[in-house]
Amino acid sequence: MAKKVKVIVPGSDEGHLAEAVARLRARSTVAVLTGAGISVESGIPDFRSPGGLWTRFSPEEYATLDVFKRDPAKAWKLYRALGRSIEGVEPNAAHRALARLESAGSVAMVVTQNVDGLHQAAGSRKVIEMHGDHQHVQCVRCGWLGPVAPSHLVGDEVPLCAECSHPVKPNVVLFGEAVRGMGEISRCLDQCELLLVVGTSAQVYPAAGLPAQIESRGGLIYEFNVEETALTRGSVFGGSAQTDFFFRGKATITLPLLVDLFLEK
Ligand code: NAD
Ligand code: ZN
């Protein structure tokens with residue numbers, strides 16, 4: 001039977017909120033999946049919205065492993081723009097709400113597609129960065145990892161490996177590279193009864209397929225987004241909606257709303 005998504009709009013329609021809190025309390029193992037939307041209010045634009053990086057640098061043209069290998073100077077134009085958008089930013093109330101939930105013992109794992117390090121900066125400890133991180137550069141020839149330096153983000157020289165002098169790339173997963181931590185993510189989700197999905201358009205695989213792993217075992221999906229997505233509308237895999245509770249609005253409002261009520265004993 002098709003699922004009916006329960007919508008919660010802070011301040012105007014919180015009818016389903018008490019039920020969402022009660023059902024969260026009843027579940028012992030909760031995982032979190034985040035995307036670019038959770039960091040938008042920290043000042044990092046997501047990729048797809050107007051002004052986002054994909055509107056300036058098409059992914060096929062700049063973000064593949066092949067492009068880096070063929071023309072690292074061109075690929076670094078995108079990496080520099082991404083690095084500069086992340087430089088100096090701070091976590092926001094949504095990152096902090098997740099860290100508080102973890103401190104209370106209620107989060108098994110935060111799986112993030114983001115490369116900005118803001119979950120860790122907010123105090124989350126069990127974070128898996130499935131698309132890598134932008135705090136390090138990585139040598140694809142010898143595996144060397146070093147910190148991203150401010151000098152990498154200015155000028156137009158391609159940074160080189162300290163060990164073998166090969167051009168390095170940021171330690172982010174490019175199209176054409178395998179995502180990180182899938183085994184660990186999958187084992188964790190197999191134990192989880194509820195998934196909080198925050199600020200992801202659910203268009204990038206394999207992240208977009210993770211909610212199905214929880215849902216197929218009868219787990220619950222709480223989604224936090226400013227607009228409906230493939231999970232809410234039900235177009236992932238062409239099936240019906242996967243979301244049980246849809247918190248519509250900015251994640252800095254909706255996540256603290258849920259977490260504050262949950263932690264209030
Ligand atoms: P996306 O850009 O495809 O989707 C972002 C989603 O966030 C959208 O559904 C949008 O409606 C929603 N959103 C925007 N503002 C929001 C807010 N204030 N509160 C709640 N939701 C909000 O992002 P994605 O699904 O993460 O996929 C894009 C890829 O780009 C990812 O692989 C990620 O690695 C990368 N990326 C990372 C960063 C970062 O590290 N901060 C930034 C941009 C892109
Ligand atoms: Zn090297």
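Numbers given to residues run from 1 along each chain, matching the order in which its sequence is written. Written order determines the labels here, with chains lettered from A and ligands numbered from 1. For a predicted model such as this one, the threshold for reporting local features is a pLDDT of at least 70, and the threshold for listing and counting side-chain atom pairs is 80 or more; totals across whole chains, interfaces and linings nevertheless cover every residue. Excluded from the side-chain calculation are hydrogens and water; included are all heavy atoms of the structure.

## Section: the coordination of the zinc ion (ligand 2)
Within the protein, the zinc ion (ligand 2) binds to Cys139 (SG), Cys142 (SG), Cys161 (SG) and Cys164 (SG); these donor distances fall in the range 2.3 Å. In this description, a donor is an N, O or S atom within 2.8 Å of the metal centre, a cutoff extended to 3.2 Å for sodium, potassium and calcium. Water is not part of the atom list, which can make sites seem incomplete. Site shape is set this way: if four donors have all angles between 85 and 135 degrees, tetrahedral; if opposite donors are over 155 degrees apart and all others between 65 and 115, square planar for four donors and octahedral for six; otherwise irregular. For the zinc ion (ligand 2), the four donor atoms are set out with angles of 103 to 120 degrees between them, so the coordination reads as tetrahedral. Sequence spacing of the donors to the zinc ion (ligand 2): C-x2-C-x18-C-x2-C. Of this pair, Cys142 sits in the loop between strand E5 (132-139) and strand E6 (145-147) while Cys164 sits in the loop between E6 and strand E7 (168-172), placing them 22 residues apart in sequence. On the accessibility criterion, Cys142 (41% relative accessible area) is partly exposed. Helix and strand labels come from DSSP, where a helix needs a run of H or I of at least four residues and a strand needs a run of E of at least two; each type is numbered from the N terminus. Working definition: with a 1.4 Å probe on protein chains only, accessible area under 20% of the residue-type maximum means buried, over 50% means exposed, and in between means partly exposed.

## Some remarks on the packing of helix H6 (residues 93-103) against helix H11 (residues 251-263)
The contact between H6 and H11 brings their axes to 8 Å, and the two run at 25 degrees. The angle between the axes of H6 and H11 places the two elements in the roughly parallel class. Between H6 and H11 the crossing geometry is left-handed. The segment H6 lies against H11, with Ala93, Ala94, Ala97, Leu98, Arg100 and Leu101 engaging Ala251, Thr252, Leu255, Pro256, Val259, Asp260, Phe262 and Leu263. To get an axis, a line is fitted to the C-alpha atoms, and for a helix only the part in contact is used. The angle between two axes follows their N-to-C directions and goes from 0 to 180 degrees. By definition in this entry, angles of less than 35 degrees are roughly parallel, angles greater than 145 are roughly antiparallel, angles of 65 to 115 are roughly perpendicular, and the rest are oblique. The hand of a helix crossing depends on one turn: near helix anticlockwise from the far one by less than a right angle means left-handed, and clockwise means right-handed. Every residue pair with non-hydrogen atoms within 4.5 Å of one another is taken to be in contact.

## Remarks on the site of ligand 1
Around ligand 1 there are 26 residues in total, and Arg48, Gln113, His131, Ser201 and Asn225 lie nearest to it. In the analysis that follows, any N or O atom pair within 3.5 Å is treated as a polar contact, provided that within protein one partner can donate a hydrogen and the other can accept it, and provided that, for residues neighboring in sequence, both atoms belong to side chains. Contact distances for ligand 1 include 2.7 Å between an oxygen atom and a side-chain N or O atom of Thr200. For every accessible area listed, the method is Shrake-Rupley and the probe measures 1.4 Å; residues are considered covered only by the protein chains on display. For ligand 1, the protein covers 94% of the area, taking 850 Å² as the surface of the free molecule. In terms of residue class, the shell around ligand 1 is made up of nine nonpolar, eleven polar and six charged. The residue makeup of the shell around ligand 1 includes at least three contributed by each of domain 1 (1-43 + 91-131 + 179-265) and domain 2 (45-88 + 132-172). One heavy atom within 4 Å of a molecule or strand makes the whole residue count as near it. In this classification, the charged set is Asp, Glu, Lys and Arg, the nonpolar set is Ala, Val, Leu, Ile, Met, Phe, Trp, Tyr, Cys and Pro, and all remaining amino acids, among them Gly, are polar. Domain segmentation is taken from an automatic or database assignment of domains.

## A few points about the pattern of salt bridges
The term salt bridge refers to a side-chain nitrogen of Lys or Arg lying within 4 Å of a carboxyl oxygen of Asp or Glu. What the rule picks out here adds up to six salt bridges. Among the ionic pairs, Glu177 bridges to Lys169, the shortest N-O distance being 3.3 Å. For Glu228, the salt bridge is made with Arg248, and the minimal N-O distance between the two is 3.2 Å. With a gap of 20 residues between them, Glu228 in the loop between strand E9 (220-225) and helix H10 (230-233) and Arg248 in strand E10 (residues 245-248) connect regions that are remote in the sequence. The network of salt bridges with shared partners includes Lys6, Glu19 and Arg23.

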